[in-house]
Amino acid sequence: MQQSNFPSSRLAVWMAMVAAWPVQGFAAAGAVQFATGEVQLRRGSEVSAVVQGVAVESGDVILTGAAGRAQIRFSDGGLVALYPDSQFTVTRYADTGNPAEETFAVNLLRGGMRAVTGLIGKRNPQNYKVITPTAVVGIRGSAFLIAFNAQGELLVSGEQDEIEVCTQAGCVGIKAGESVRVVATDQLPLYTHTRAVLPLPLPPVPFMVGEQLTAG
């Protein structure tokens, strides 16, 4: 459990890049393969209900209600499961087959998510980022949990391999089974025994590449 040696300006650089990215004009990033409860998709000024099979594109915002849950399978095989009261934006997604051009950048404003990285994260981990109001989460080919607690603090837990969580104060590495709590963007993430525990969706949904949904 050591602090990374990456520069502390990384968070500011990533947020500046995200602000400059255009959010429209990209091909479909993936599709919703599971949705239950109140789940909405906001595309520009249009808002629609989310059902299984709906395409998700760069710039789309997905909102889950108090009992809403959804799972998105991206074109590179990656998975994101969204939990109740979440706001999730596909900021920029490019699955080109060329690691130098590929990007997976999403934003979690509130709620919680569980993710399993796909080929983009494996081929070019530096271009896989989850941006939140206080931290940027990067990966090295991993599965992880992110959730906001009742105090608005960000909890991040590693499930496979290793991830890193960066604030303006610096970056820390998280191995499988470890967790950190982000109190503020100008403070280093704190290691904690509290994991980002999220309620399991019902009915069950697959989280690993290769798992299948059944008719039941």
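Residues numbered from 1 in each chain as written. Predicted model: local features only at pLDDT ≥ 70, side-chain atom pairs only at ≥ 80, totals over all residues. Heavy atoms only, no water.

**Q** How would you summarise unusual backbone geometry if you had to cite specific residues and measurements?
**A** In this model, D85 sits at a positive phi of 55°, which is unusual for a non-glycine residue. Residue class for D85 comes out partly exposed when judged on its relative accessible area of 41%. Of note in the backbone geometry, D161 takes a positive phi value of approximately 55° without being a glycine. For D161, the position within the fold is in the loop between strand 14 (154-158) and strand 15 (162-167). Judged by relative accessible area, which is 48%, D161 ranks as partly exposed. (Buried < 20%, exposed > 50% of the residue type's maximum accessible area, 1.4 Å probe, protein only. Helix = DSSP H or I, 4+ residues; strand = E, 2+ residues; numbered from the N terminus.)

**Q** If you had to explain the environment of Q151 to someone new, which residues and values would you point to?
**A** Looking at the secondary structure, you find Q151 in the loop between strand 13 (143-148) and strand 14. Along the chain, Q151 and V183 lie 32 residues apart, while their C-alpha atoms are 9.2 Å from each other.

**Q** Describe the sheet that holds strand 8 (residues 87-94), and please don't skip the residues or the numbers.
**A** Strand order in the open sheet made by the nine strands is 3-2-5-8-9-11-12-15-16, with mixed pairing throughout. Edge positions in the sheet fall to strand 3 (46-49) and strand 16 (170-175), since each of these pairs with one other strand and no more. Each strand axis lies, on average, 20° off the axis of its neighbour in the sheet, ignoring direction. Bridge count for strand 9 (residues 103-110) against strand 11 (residues 128-131) is four bridges, and the pairing is parallel. Along strand 11, the bridge assignment pairs V106 with V130. (Pairing = 2+ DSSP bridges. Axes fitted to C-alpha atoms, helices over the stretch in contact; angles between N-to-C directions.)

**Q** Provide a residue-level description of the confidence of the model for the chain, including the pertinent values.
**A** Per-chain confidence: the chain averages 84 in pLDDT, with 77% of residues scoring 70 or above. With pLDDT under 50 throughout, residues 17-26 is counted as low confidence; its partners more than four residues away or in other chains account for 16 contacts. Here residues 200-216 scores under 50 on pLDDT; set against residues more than four positions off or in separate chains, the count is 31 contacts. (pLDDT = per-residue confidence, 0-100. Contact = heavy atoms within 4.5 Å.)

**Q** Kindly report on the pairing of strand 17 (residues 179-182), identifying the contributing residues and their values.
**A** Alignment of strand 14 against strand 17, held across four bridges, turns out to be antiparallel. By the bridge assignment, L154 is partnered in strand 17 with V182. As defined by bridge partners, strand 17 adjoins strand 18 (residues 190-192) across three bridges and the pair is classed as antiparallel. Along strand 18, the bridge assignment pairs S179 with T192.

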